[in-house]
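So you can see what is in the structure, the chains are spelled out below.
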Amino acid sequence: MTFLLEQPEVNLSEDDFRRVSDIIYQHCGINLHDGKKSLVRARLAKRIREGKFKSFASYVDYALSAEGKDEFRNLVDSISTNLTSFFREKGHFAYVRDVFLPHLVSSQNRKSAQRIRVWSAGCSTGEEPYSIAITLQEELEKYGSWNIKILASDVSTRVLNHARDGIYLADKVAPLSAQQKQRFLRMVKTEQGKSYQVQDALKKMIRFRYLNLMEEWPFTGPFDIIFCRNVMIYFDKPTQERLVNRYYNCLSPGGLLFIGHSESLASVNHKYRYVQPATYAKP
């Protein structure tokens, strides 16, 4: 008879938690306050058991070593929270469609250019940049041929791989209309069940790239729109302030910054013009 042994409990001491918190903050700006201790324990315990490490301390030591650089990426991926959906906070997409794009099209200095550049910062598994691409394609095709390019970045290599594949279960694409599904997706079979994959024509508008927002950016813009939604809630105020002002410098005059509805710039020094909840413009 075979007996299944319970996995040993992985203890996370206060010193271990502080160490992990400091590492994550220094690397990517995520602020893991005391209330996140159980989250850190739960998300890293599996990695520790699978690697047969004796403790959190030995696991972190390995992740910080030259040999463990791949495990360090796994550590960051495990801590990062990736909650997203197609057309999440749909008022932002409606504003782009109904207000921003008509103004952009009618702008005298843009009539000859017919190009638009957008950045989805913290793109997670790709639903946001694909939603942006659908919105831009559907609206701008009314005005001729437009050059649409979207940068989609994240600090998690795991979610970026998912985004590049562009495969989603049926319930994930429920926010799309029947016409959008027919035009921009194709049905595929997966082990998880009925799924849809984003068509190549839509994928070609997007470049998925690893990017740590706390490090130097390999570009200066300008972007017409930046989406950074539900990302800054994990940062402290000084980090938020530095980030939104770096975004400001990357935006074209009149460009938009979208943040999450659970976020606010009220206590952050910035030069944006308030447009509507969670929407700001560069004058």
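Residues numbered from 1 in each chain as written. Predicted model: local features only at pLDDT ≥ 70, side-chain atom pairs only at ≥ 80, totals over all residues. Heavy atoms only, no water.

Draft legend 1. Summary view of the overall build of the protein. Broken down by element type, the protein carries ten helices and ten strands. Its C-alpha radius of gyration of 21 Å places the protein within 12% of the 19 Å reference for a compact globule of 283 residues. Looking at the 283 residues of the protein, the share that counts as buried comes to 48%. Nonlocal contacts in the protein, meaning residues at least 24 apart in sequence, comprise 73% of its contacts between residues at least 6 apart. (Helix = DSSP H or I, 4+ residues; strand = E, 2+ residues; numbered from the N terminus. Rg over C-alpha atoms; globule rule 2.2 N^0.38 Å. Buried < 20%, exposed > 50% of the residue type's maximum accessible area, 1.4 Å probe, protein only. Contact = heavy atoms within 4.5 Å.)

Draft legend 2. Expanded view of the pairing of strand β5 (residues 193-198). In this sheet, β5 lies alongside strand β3 (residues 167-169) in antiparallel orientation, the contact comprising three bridges. The residue bridging Tyr 168 from the neighbouring strand is Tyr 196, located in β5. Two elements, strand β4 (residues 185-190) and β5, share six bridges in a ladder whose sense is antiparallel. Paired with Val 188 across the two strands is Ser 195, which belongs to β5. Between the end of β4 and the start of β5, which pair antiparallel, lie two residues. (Pairing = 2+ DSSP bridges.)

Draft legend 3. Structural context of helix α5 (residues 91-106). Taking 1.5 Å of rise per residue, the 16 residues of α5 would be expected to cover 22 Å, and the 22 Å separating its terminal C-alpha atoms lies within 8% of that figure. If you look at α5, its biggest bend is around 40 degrees, right at Phe 100, and the proline Pro 102 turns up within four residues after that. Of all the residues in α5, the buried ones are His 92, Phe 93, Tyr 95, Val 96, Phe 100, Leu 101, Leu 104 and Val 105. Residues of α5 that are buried make contact with β1 (115-121), α6 (127-140), β7 (223-227), β8 (251-258), β9 (273-276) and β10 (279-281). (Expected span 1.5 Å × (residues − 1). Bend = angle between axes of the 7 residues up to and from the residue.)

Draft legend 4. View of unusual backbone geometry. Following Gly 221, the chain continues to Pro 222 via a peptide bond in cis, the omega torsion being 0 degrees. Mapped onto the elements of the fold, Pro 222 is located in the loop between β6 (206-210) and β7. For Asn 230, which is not glycine, the phi dihedral falls at a positive 60 degrees. Mapped onto the elements, Asn 230 comes out in the loop between β7 and α10 (237-250).

Draft legend 5. The pattern of salt bridges, seen in detail. Going through the model one piece at a time under the given rule, you end up with ten salt bridges. Between Glu 50 and Arg 47 there is a salt bridge, with the nearest N and O atoms lying 3.7 Å from each other. Residue Glu 50 and its partner Arg 47 are located together in helix α2 (residues 37-50), separated by three residues, close to a single helical turn. When its relative accessible area of 49% is taken as the criterion, Glu 50 is described as partly exposed. On the accessibility criterion, Arg 47 (25% relative accessible area) is partly exposed. In this structure, Glu 128 engages Arg 229 in a salt bridge whose closest nitrogen and oxygen atoms are separated by 2.8 Å. Of this pair, Glu 128 sits in helix α6 while Arg 229 is found in the loop between β7 and α10, placing the two residues 101 residues apart along the sequence. Taking the relative accessible area as the measure of exposure, Glu 128 reaches 6% and is therefore buried. According to the relative accessible area criterion, Arg 229 is buried, its value standing at 7%. (Salt bridge = Lys/Arg side-chain N within 4 Å of Asp/Glu carboxyl O.)

Draft legend 6. View of helix α3 (residues 56-64). Turning to α3, its buried residues number three or more, namely Phe 56, Tyr 59, Val 60 and Ala 63. Summarising the axial view, the buried residues of α3 lie within an arc of 95 degrees, below the 170-degree limit, and thus occupy one face. (Arc of directions from axis to C-beta.)

Draft legend 7. A look at the sheet that holds β6. Taken in spatial order, the seven strands of this open sheet run β6-β2-β1-β7-β8-β10-β9, and their pairing is mixed. Single-partner strands in this sheet number two, and they are β6 and β9. Neighbouring strand axes in the sheet, compared pairwise and without regard to direction, differ in orientation by 20 degrees on average. Where β7 and β8 come together, four bridges link them in parallel fashion. Bridge pairing in β8 places Ile 225 opposite Leu 256. Set on the sheet, α6 makes contact with β1, β2 (147-154), β6 and β7; between it and β2 the angle comes to about 170 degrees. (Axes fitted to C-alpha atoms, helices over the stretch in contact; angles between N-to-C directions.)

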